[in-house]
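The chain contents come next:
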Amino acid sequence: MAKAKRKFVCQQCGTVSGRWQGQCDDCGEWNSIVEEAAETVFSARHDLHTGGRALTLVGLDDKVELPPRTSTGIAEFDRALGGGIVPGSATLIGGDPGIGKSTLLLQAAARIASAGHSVAYISGEEASDQVRLRAQRLGLGNAPVQLASATSVRDILTTLGEGAPPALLIIDSIQTMHSDLIEGAPGTVSQVRASSQELIRFAKQRGTALILVGHVTKDGSIAGPRVLEHMVDTVLSFEGERSHQYRILRAIKNRFGGTDEIGVFSMVAEGLEEVANPSALFLTHRDETVTGATVFPALEGTRPVLVEIQALVVRLSSGATPRRAVVGWDSGRLAMVLAVLEARCGLSFSTCEVYLNVAGGYRLSDPAADLAVAAALMSALSERPVPADVVLFGEVALSGEVRPVAHAPLRLREAAKLGFNRAFVPAAVADGVKGISVSGYRALAQLVDQMLGRG
């Protein structure tokens, strides 16, 4: 019988080679090449057109019941999940160390267990006593959560298979798990993939909702093989700076709901608290008007969040090269707005240093912030404050046109609810909402002329 050839496959891009090497030649990833079972001559000659099991095909118009959901008891967590936890689903949550992933899951586990559901919390990084002490600090010491400290997938599945499966299984974290069927240390590509596959299979077969905690790399992406994100049903990213109070739970992938919702939390001594009104976190005290500050109604999914945009313009007299620094916004988009202000509106920033900041550590990606940024820059340059009761939103084109943006009424209603009386918006926004008056602009130059008092 012919000897089977050895096959080595890159876990990131799928490149097949005949020998192992440290770095993949195609995608450039290190330590991503793993040996897989080689195809023998006998199996290669077999035809796969016969001998299988016939599948039942269904149509797209067949009636499908919505999956039942279990509330976590944390409304912001449910919002990010799309309404709650689906039995038999697999969720992967990642975030920076110390951001609050374990705290959030321990709080959710305690509330679900207190509601009468069985919950198993498996920690591979902490001893059971450490988790219990943290639960007591959070005031959750009496919750009927079953704790264990283990890293062997075989031991975990053997224990859970002895009785009724839990309604929720939390693995903290997947990088510490290992399967004795695969060689290699925990955290390697092959171990993470094999361990996740076995745990997800158990969840699908027994109807247990599975939550996996994942480490992240230094650039913020979830560590391990990319296939891990394809294996799970939902991928959540827990974002925020440890130096700031707020945390945002954002859905990156969700097979049972949308990926446009976020949950906002605040880190306090008692753990993570829900933030029903996120705008309160990102707006500073506005009794006194200051130059270079504007308010922008950002949109995260269907939730409007009012944030303050701050600009500072410093004139240079020495002829040195001016700096352009931005925090919380795209630096390339700042350069574009500055170019439009110079080319279309007659303002000069060439001899000025420009600093732009989104208050509270919030990060903006909404192009509707262009108009608010431009107004903050104009205010800082001319030292004329924008009225404190005004919000601004609109996309600025390279021609200087102010383009319409999505969900304008939703943004206006949130601004009116927080006490703002006026809004500077694109001219295409025909009608305002009750309690707030709307001023429309077709071009950025019109807003500049009004703010600077140019006839």
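What you are looking at is a predicted structure, and each value in this text was computed from that prediction instead of being measured.

Rules of the game
Residues numbered from 1 in each chain as written. Predicted model: local features only at pLDDT ≥ 70, side-chain atom pairs only at ≥ 80, totals over all residues. Heavy atoms only, no water. Pairing = 2+ DSSP bridges. Helix = DSSP H or I, 4+ residues; strand = E, 2+ residues; numbered from the N terminus. UniProt positions renumbered as here; feature names shortened; annotations may be inferred. Buried < 20%, exposed > 50% of the residue type's maximum accessible area, 1.4 Å probe, protein only. Contact = heavy atoms within 4.5 Å. Polar contact = N/O pair within 3.5 Å; in protein donor to acceptor, adjacent residues only side chain to side chain. Right-handed = clockwise from strand over helix to strand, strands pointing away. Salt bridge = Lys/Arg side-chain N within 4 Å of Asp/Glu carboxyl O. Core = buried A, V, L, I, M, F, W, Y, C linked by side-chain atoms within 4.5 Å. Domains from an automatic or database assignment.

**Concerning the sheet that holds strand 2 (residues 16-17)**
Sheet strands pair via backbone hydrogen bonds, and the direction of the pair is either parallel or antiparallel.
Part 1 of the argument: Spatially, three strands are ordered 2-1-3 in an open sheet, and the strand pairing comes out antiparallel. In this open sheet, the two strands that pair with only one neighbour each are strand 2 and strand 3 (33-36).
Part 2 of the argument: Taken together, the four bridges between strand 1 (residues 7-10) and strand 3 define a ladder with antiparallel strand orientation. Counted as the bridge partner of phenylalanine 8 is glutamate 35 from strand 3.

**So, the UniProt feature "binding site: ATP" (unreviewed entry) in the protein**
Part 1 of the argument: Under the present numbering, the feature "binding site: ATP" (unreviewed entry) in UniProt falls on Gly95, Asp96, Pro97, Gly98, Ile99, Gly100, Lys101 and Ser102.
Part 2 of the argument: Checked against the element boundaries, aspartate 96 lands in the loop between strand 4 (90-95) and helix 3 (101-114).
Part 3 of the argument: Here lysine 101 is to be found in helix 3.
Part 4 of the argument: On the basis of relative accessibility, which here comes to 11%, the residue lysine 101 falls in the buried class.
Part 5 of the argument: In this structure lysine 101 touches Ile93, Gly94, Gly95, Asp96, Val213, Gly214 and Phe238, once residues within four positions along its chain are discounted.
Part 6 of the argument: In this structure the side chain of lysine 101 is engaged in a polar contact, spanning 3.1 Å, whose partner is the backbone oxygen of glycine 95.

**Focus on the pairing of strand 6 (residues 146-149)**
Part 1 of the argument: As paired elements, strand 5 (residues 119-123) and strand 6 share four bridges and run parallel to each other. Along strand 6, the bridge assignment pairs isoleucine 122 with alanine 148.
Part 2 of the argument: In this view, the connection linking strand 5 to its parallel neighbour strand 6 by way of helix 4 (residues 128-137) has right-handed handedness.

**A closer look at the pattern of salt bridges**
Part 1 of the argument: Counted by the stated rule, this structure contains twelve salt bridges.
Part 2 of the argument: One salt bridge connects glutamate 126 with arginine 134, and the closest N-O pair in it is separated by 2.2 Å.
Part 3 of the argument: Arginine 134 sits in the buried class, given a relative accessible area of 10%.
Part 4 of the argument: With a closest N to O distance of 3.6 Å, arginine 333 and glutamate 395 form a salt bridge. With a gap of 62 residues between them, arginine 333 in helix 9 (residues 331-345) and glutamate 395 in strand 18 (residues 395-396) connect regions that are remote in the sequence.
Part 5 of the argument: When salt bridges with common partners are traced through the structure, they connect Lys204, Asp233 and Arg255 into a single cluster.

**Some words on the nonpolar core**
Part 1 of the argument: Grouped together as the largest cluster of nonpolar side chains are 66 residues, with contacts concentrated most on Phe296, Leu341, Leu364, Leu377, Leu444 and Leu447.
Part 2 of the argument: The dominant element in this core, judged by the number of residues it contributes, is helix 10 (residues 370-382), at ten residues.
Part 3 of the argument: Formed jointly, this core draws a minimum of three residues from each of two domains, domain 2 (73-275) and domain 3 (279-450).
Part 4 of the argument: Excluding anything up to four places from it in sequence, phenylalanine 296 contacts Val305, Leu306, Val307, Ile309, Leu364, Asp366, Ala368, Ala369, Ala372, Leu392, Phe393 and Arg411.
Part 5 of the argument: Core analysis: the second largest hydrophobic core is formed by 33 residues, Ile85, Leu105, Ala109 and Phe265 among them.

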